[in-house]
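Fold and geometry: a report
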There are 2 protein chains.
Amino acid sequence: MFIFYTFVKKNMFNSPACKNCQFKSAAAKFLNEDELGNLENNCAEIELKKGDMIFKQGILSSNIVYLKKGIVKFYIEGLYKEQIIKIAKGPIYLGIPTTFDEKYNRYSATAIAKSNACFIDIDTFKEFVQNNGNFAYEIIVELCRNEINLFHKYINRTQKNIRGRVSDALIFFSEIIYESDSYKLPLTRNEFGNYIDTTRESISRILTEFNKEGIINLEGKKIEILNKKQLKMISKNG
Amino acid sequence: MFIFYTFVKKNMFNSPACKNCQFKSAAAKFLNEDELGNLENNCAEIELKKGDMIFKQGILSSNIVYLKKGIVKFYIEGLYKEQIIKIAKGPIYLGIPTTFDEKYNRYSATAIAKSNACFIDIDTFKEFVQNNGNFAYEIIVELCRNEINLFHKYINRTQKNIRGRVSDALIFFSEIIYESDSYKLPLTRNEFGNYIDTTRESISRILTEFNKEGIINLEGKKIEILNKKQLKMISKNG
DNA sequence: AATATTTTGTGATATAAAACACAATTTTTG
DNA sequence: CAAAAATTGTGTTTTATATCACAAAATATT
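Model, not experiment: these values are computed from the prediction.

A count of helical and extended segments in chain A gives eight helices and eleven strands. At 19 Å, chain A has a C-alpha radius of gyration in line with the 18 Å of a compact globule built from 238 residues. Here chain A holds 238 residues, and the buried ones make up 55% of them. Once local pairs closer than 6 in sequence are excluded, the contacts in chain A between residues at least 24 apart make up 71%. For chain A, the exposed surface amounts to about 10,500 Å²; the carbon and sulfur share of it is 48%.

In this section: the pattern of salt bridges. Opposite charge on two side chains lets them pair, provided their charged atoms get close. On inspection of all chains with the given rule, the structure shows 26 salt bridges over all chains. Across the salt bridge formed by A:E102 and A:R106, the nearest N and O atoms sit 3.7 Å from each other. Residues B:K228 and B:E175 are paired through a salt bridge, measuring 3.3 Å at the closest nitrogen-oxygen approach. Pair noted here: B:K228 is in helix α8 (residues 228-237) and B:E175 is in helix α5 (residues 162-178), with a separation of 53 residues, a long-range link. When its relative accessible area of 36% is taken as the criterion, B:E175 is described as partly exposed. Salt bridges here are not isolated pairs; linked through shared partners, they connect A:E175, A:D181, A:K228 and A:K232.

Around DNA strand D, 18 residues are found, and the nearest of them are A:R189, A:R200, A:S204, B:T198 and B:S202. Near-protein atoms of DNA strand D (within 4 Å) split between backbone and bases, with sugar and phosphate holding 44%. Between a base nitrogen of DNA strand D and a side-chain N or O atom of B:E201, the distance comes to 3.3 Å. Between a base oxygen of DNA strand D and a side-chain N or O atom of B:R205, the distance comes to 3.2 Å. Of all the secondary-structure elements, those providing two or more residues to the surface near DNA strand D are α6 (189-195) and α7 (200-212) of chain A together with α7 (200-212) of chain B.

The next thing to look at is the packing of helix α5 (residues 162-178) of chain A against α7(A). Residue and element names in this part refer to chain A. Their axes nearest at 10 Å, the elements α5 and α7 cross at an angle of 75 degrees. Classified by the angle between their axes, α5 and α7 sit roughly perpendicular to one another. Taking contact as the criterion, the partners of I162, R163, V166, S167 and L170 in α5 are, on α7, S202, I203, I206, L207, E209 and F210.

On to the protein's contact with DNA strand C. DNA strand C sits among 18 residues. The nearest are A:T198, A:S202, B:R189, B:R200 and B:S204. Protein-proximal atoms of DNA strand C, defined as those within 4 Å of the protein, fall in sugar or phosphate at a share of 49%. In the environment of DNA strand C, a base nitrogen lies 3.3 Å from a nitrogen or oxygen atom belonging to the side chain of A:E201. One nitrogen or oxygen atom from the side chain of B:T208 is found 3.1 Å from a phosphate oxygen belonging to DNA strand C.

What follows covers helix α4 (residues 133-159) of chain B. Residues and elements named next belong to chain B. End to end, α4 covers 39 Å across 27 residues, agreeing with the expected 39 Å (1.5 Å per residue, within 8%). Burial analysis of α4 places 19 of its 27 residues in the buried class, the great majority of the element. At the N-terminal end of α4, a side-chain oxygen is found 3.1 Å from the backbone nitrogen of N134, two or three residues along, and the residue is N132.

Another aspect to go through is the nonpolar core. One finds A:Y93, A:F100, A:F125, B:Y93, B:F100 and B:F125 to be the most contacted residues of the largest nonpolar core, which totals 52 residues. If we ignore the near neighbours within four places in the chain, the residues touching B:F125 are B:I64, B:Y93, B:I96, B:F100, B:I120, B:F135 and B:I139. Membership of the second largest hydrophobic core comes to 46 residues, among which are A:I54, B:F74, B:I85 and B:F119.

Let us look at unusual backbone geometry. Cis peptide bonds are those with omega within 30 degrees of zero, and the linkage from A:G90 to A:P91 qualifies with 0 degrees. Mapped onto the secondary structure, A:P91 falls in the loop between β5 (82-89) and β6 (92-94). Phi is positive for A:D197, close to 60 degrees, though the residue is something other than glycine. A positive phi angle, near 50 degrees, is found at B:E179, a position not held by glycine. A residue is classified by how much of its surface remains accessible, and B:E179, at 59% relative accessible area, is exposed.

Thresholds applied
Residues numbered from 1 in each chain as written. Chains lettered and ligands numbered in written order. Predicted model: local features only at pLDDT ≥ 70, side-chain atom pairs only at ≥ 80, totals over all residues. Heavy atoms only, no water. Helix = DSSP H or I, 4+ residues; strand = E, 2+ residues; numbered from the N terminus. Rg over C-alpha atoms; globule rule 2.2 N^0.38 Å. Buried < 20%, exposed > 50% of the residue type's maximum accessible area, 1.4 Å probe, protein only. Contact = heavy atoms within 4.5 Å. Areas by Shrake-Rupley, 256 points an atom, 1.4 Å probe, with all protein chains shown as cover. Salt bridge = Lys/Arg side-chain N within 4 Å of Asp/Glu carboxyl O. Near = heavy atom within 4 Å. Polar contact = N/O pair within 3.5 Å; in protein donor to acceptor, adjacent residues only side chain to side chain. Axes fitted to C-alpha atoms, helices over the stretch in contact; angles between N-to-C directions. Parallel < 35°, antiparallel > 145°, perpendicular 65-115°, else oblique. Expected span 1.5 Å × (residues − 1). Core = buried A, V, L, I, M, F, W, Y, C linked by side-chain atoms within 4.5 Å.

What follows is the structure, encoded as structure tokens:
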């Protein structure tokens, strides 16, 4: 596994063309010509393969990462085992919480699909926050949304049984991540279990059940949702 | 129960003296004379009794609340039951996530001890974010810390057994909330159970166990921690 | 102070999901 | 391409914790 130790300084890599970037974040849309120039000079774009680590818990944090496109998992080394706490797709900023006020990363992030990421020097990013109110505003909006989503995810995890949680995850991949009823799971059964706080065995069993019940079409990691209405019922009532 | 429907407009109440406030937030310390004057005119201070609601899920959100002192619980109406998602003490901003980008509150907050809260008009707050980089910066720092704490709390909830979670909660109240080894729990057994995802019966049982084992001294809601080392052991190993 | 209501403690029972075990399949590697 | 490693499916057993039941205690209400 390739680990990208995230130290990016002025012109360390070829600068991307931030000014004409097709994937500008809501915040970056408020940057003026000068600021975008500054960003270009303090930012490096990287292509990530599935499995590439983006930042690692415990390591000195020095960049904010803007994931232009792709899918990532966030995870924490817990007491006994690693735990996936979030799966997200670009465009999105990664690691603002773990970089902004922390010396060392408090969690890790790894690409779980081919992705494009821009590593932005933290001081440059902070400059924008300090000097561009609209930029700061949009960053706050994104952080607020994250917190609310996390609250609701937390409730779901504790108030639903496994069938409900598996349903939720299948719908999440369908509606949020892939925007399609059929997709290839980016996780092993083990990781899937970890993600929704259960075991690989339970995941296997539930997916087989859903397959037999005609709710999904299952073929290894390939999932096709046949009866989304039913899946949403199960999400609510277990 | 008193519900304070949070609409605060210019001079609706007697203005507090923000300029000389002893409890200024890290962010507010960066406000200049003019801005503090503006804050005074768009802010109302309220004394809250135990049980007073601060804002309510589903209701139009129009204020950021700054809890100068006191203790609050945040909770969400889940699928089947209400769930406490967080307990915090002042000084702290409440409801930035639920107010900043949301029309309606996505969760509720209630005082669980005598508290003092300032209801700040959301537009005034947003003005500060837009025009004062240092203010925005500090708000971002607070939001980032919240997210990381939430991640770690989430891990604890899923990787620990009930004894471990009860230990965690007892330590949390001791070290974070009351800063003392003896305190009066601000929750019923039922709420305590809800807070750490278990039942009132389990809470009763575990507290009785801890009492018998000489780890705590238990008398109704009064808790005295006798052996914190042991409690921390249990927090780790169940 | 007396009554009603809520909260709490604790034993007995039920149950969902974890853990275990092992074979089958798929993927990775040399 | 063959061997090794990792992943997956499924039956059986175990276990932690929820649920149920009911009395005792504490708190709130009149």
